[in-house]
Amino acid sequence: MTDAAATTVLVLDTATDSVVTGVAAIAGTEVTVLASRSISDHRRHAELLTTLMGEVLGESGVGGSGLAAVVVGCGPGPFTGLRVGMATAAAFADALGLPAYGVCSLDALAAQVRHDRPEAASVAVISDARRREVYWARYDNGDRVAGPAVAAPAAVIDEVAGAEVAAGSPAHIEAVGLTVDAEAPTVPTVFGLAAAACPAITAGAVPESLVPLYLRRPDAVERQRPAKAALR
């Protein structure tokens, strides 16, 4: 049973190899997770997401009519996986007439750390961008002060040096010279995503259009047409 004054939201994220979804209640600055699922399988984002959505809605006891908003992670992340979550969130919100709030998926990781480790003043979030690169951002006292950006690990070392806690992909955290914290989240969480959206939702702000954070051009680009031969 949730507080009558709480705002209940459906939460989705497919910015990493994991499909994350859940239902959370937001009351002021407090976030309570009512149900959550996280499955790592980058080949079945689309197949898993709608099934998991049904599971968390059933477990939480919150039907579509009980939701007030949708929260979705907007990356950074790979094009194919990221668009699954964002397209699903947009379609679901549109069908039910709900606002859809997009949040940076790295912010969600940082928000989880902020909740679990409030004493940590500086946090770095590092995730796999493939092509031997990482997505990264740095946070001081809960505020993002650098990033999100994509770069080779060697170019990020100085940017995140001294961070007290690093969250995200363990292998890539080590690649930028930071120590892996076994208790830090490795992928966005339902709590972190809801917490990242909490200020806008609590303020009743009209959400901006959902825009994916690819941070680089997709691999597939339209082939340029050959210039017409000059008339002779």
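Since this is a predicted model, take the numbers as computed values, not measurements.

Draft legend 1. Quick look at the domain arrangement of the chain. When cut into domains, the chain gives domain 1 (5-103 + 187-201) and domain 2 (104-174). Taken together, the 19 residues of domain 1 in the interface contact 12 residues of domain 2. Between domain 1 and domain 2, a total of about 1,100 Å² is buried, with carbon and sulfur atoms accounting for 65% of that surface. Where domain 1 touches domain 2, the interface holds 1 salt bridge.

Draft legend 2. Region of interest: the nonpolar core. Counting residues in hydrophobic clusters, the biggest one holds 25 residues, and the most contacted among them are Leu 10, Leu 12, Leu 67, Val 70 and Phe 92. Elements supplying a minimum of two residues to this core: strand 1 (7-13), strand 2 (18-27), helix 1 (45-60), strand 4 (69-73) and helix 2 (79-96). Residues within four places of Val 70 in sequence aside, it is in contact with Leu 10, Ala 89, Phe 92, Ala 93, Leu 98, Pro 99, Ala 100 and Tyr 101. Counting 19 residues, the second-largest nonpolar core is a separate cluster that includes Ala 24, Ala 69, Tyr 101 and Ala 108.

Draft legend 3. Fine view of unusual backbone geometry. Of note, the bond from Gly 75 into Pro 76 is cis; its omega dihedral lies within 30 degrees of zero at 10°. Summarising the element assignment, Pro 76 is placed in the loop between strand 4 and helix 2. Its identity is not glycine, yet Arg 131 carries a phi of approximately 50°, on the positive side. Along the chain, Arg 131 turns up in the loop between strand 6 (122-130) and strand 7 (133-140). With relative accessibility at 48%, the residue Arg 131 sits in the partly exposed group.

Draft legend 4. Structural view of the sheet that holds strand 3 (residues 30-40). In space, the 5 strands of this open sheet follow the order 3-2-1-4-5, with mixed pairing throughout. The sheet terminates laterally at strand 3 and strand 5 (100-103), the two strands that pair on one side only. Neighbour-to-neighbour, the strand axes of this sheet turn through a mean angle of 20°, independent of strand direction. Where strand 1 and strand 2 come together, 7 bridges link them in antiparallel fashion. Paired with Val 9 across the strands is Ala 24, a residue of strand 2. The strands that helix 2 touches are strand 1, strand 4 and strand 5; relative to strand 4, the one it contacts most, it runs at about 170°.

Draft legend 5. Spatial organisation of helix 2. The end-to-end C-alpha distance of helix 2, which contains 18 residues, comes to 26 Å, matching closely the 26 Å that a straight helix rising 1.5 Å per residue would cover. Along helix 2, the positions that sit buried rather than exposed are Gly 81, Leu 82, Val 84, Gly 85, Met 86, Thr 88, Ala 89, Phe 92 and Ala 93. Looking at the buried positions of helix 2, the neighbouring elements they touch are strand 1, helix 1, strand 4 and strand 5. Following helix 2 by one or two positions, Gly 97 has its phi on the positive side, about 70°.

Draft legend 6. View of the state of the cysteines. Counted under the stated rule, the structure contains 0 disulfides. Between Cys 104, a free cysteine, and Cys 74, which holds the nearest cysteine sulfur, the sulfur-to-sulfur gap is 8.5 Å. Cys 198 takes part in no disulfide bond, and the closest cysteine sulfur to it belongs to Cys 104, at a distance of 17 Å. Residue classification places Cys 198 among the buried residues on the basis of a relative accessible area of 6%.

About the thresholds
- Residues numbered from 1 in each chain as written.
- Predicted model: local features only at pLDDT ≥ 70, side-chain atom pairs only at ≥ 80, totals over all residues.
- Heavy atoms only, no water.
- Domains from an automatic or database assignment.
- Contact = heavy atoms within 4.5 Å.
- Buried area = accessible area lost by both parts, 1.4 Å probe.
- Salt bridge = Lys/Arg side-chain N within 4 Å of Asp/Glu carboxyl O.
- Core = buried A, V, L, I, M, F, W, Y, C linked by side-chain atoms within 4.5 Å.
- Buried < 20%, exposed > 50% of the residue type's maximum accessible area, 1.4 Å probe, protein only.
- Helix = DSSP H or I, 4+ residues; strand = E, 2+ residues; numbered from the N terminus.
- Pairing = 2+ DSSP bridges.
- Axes fitted to C-alpha atoms, helices over the stretch in contact; angles between N-to-C directions.
- Expected span 1.5 Å × (residues − 1).
- Disulfide = S-S within 2.5 Å.

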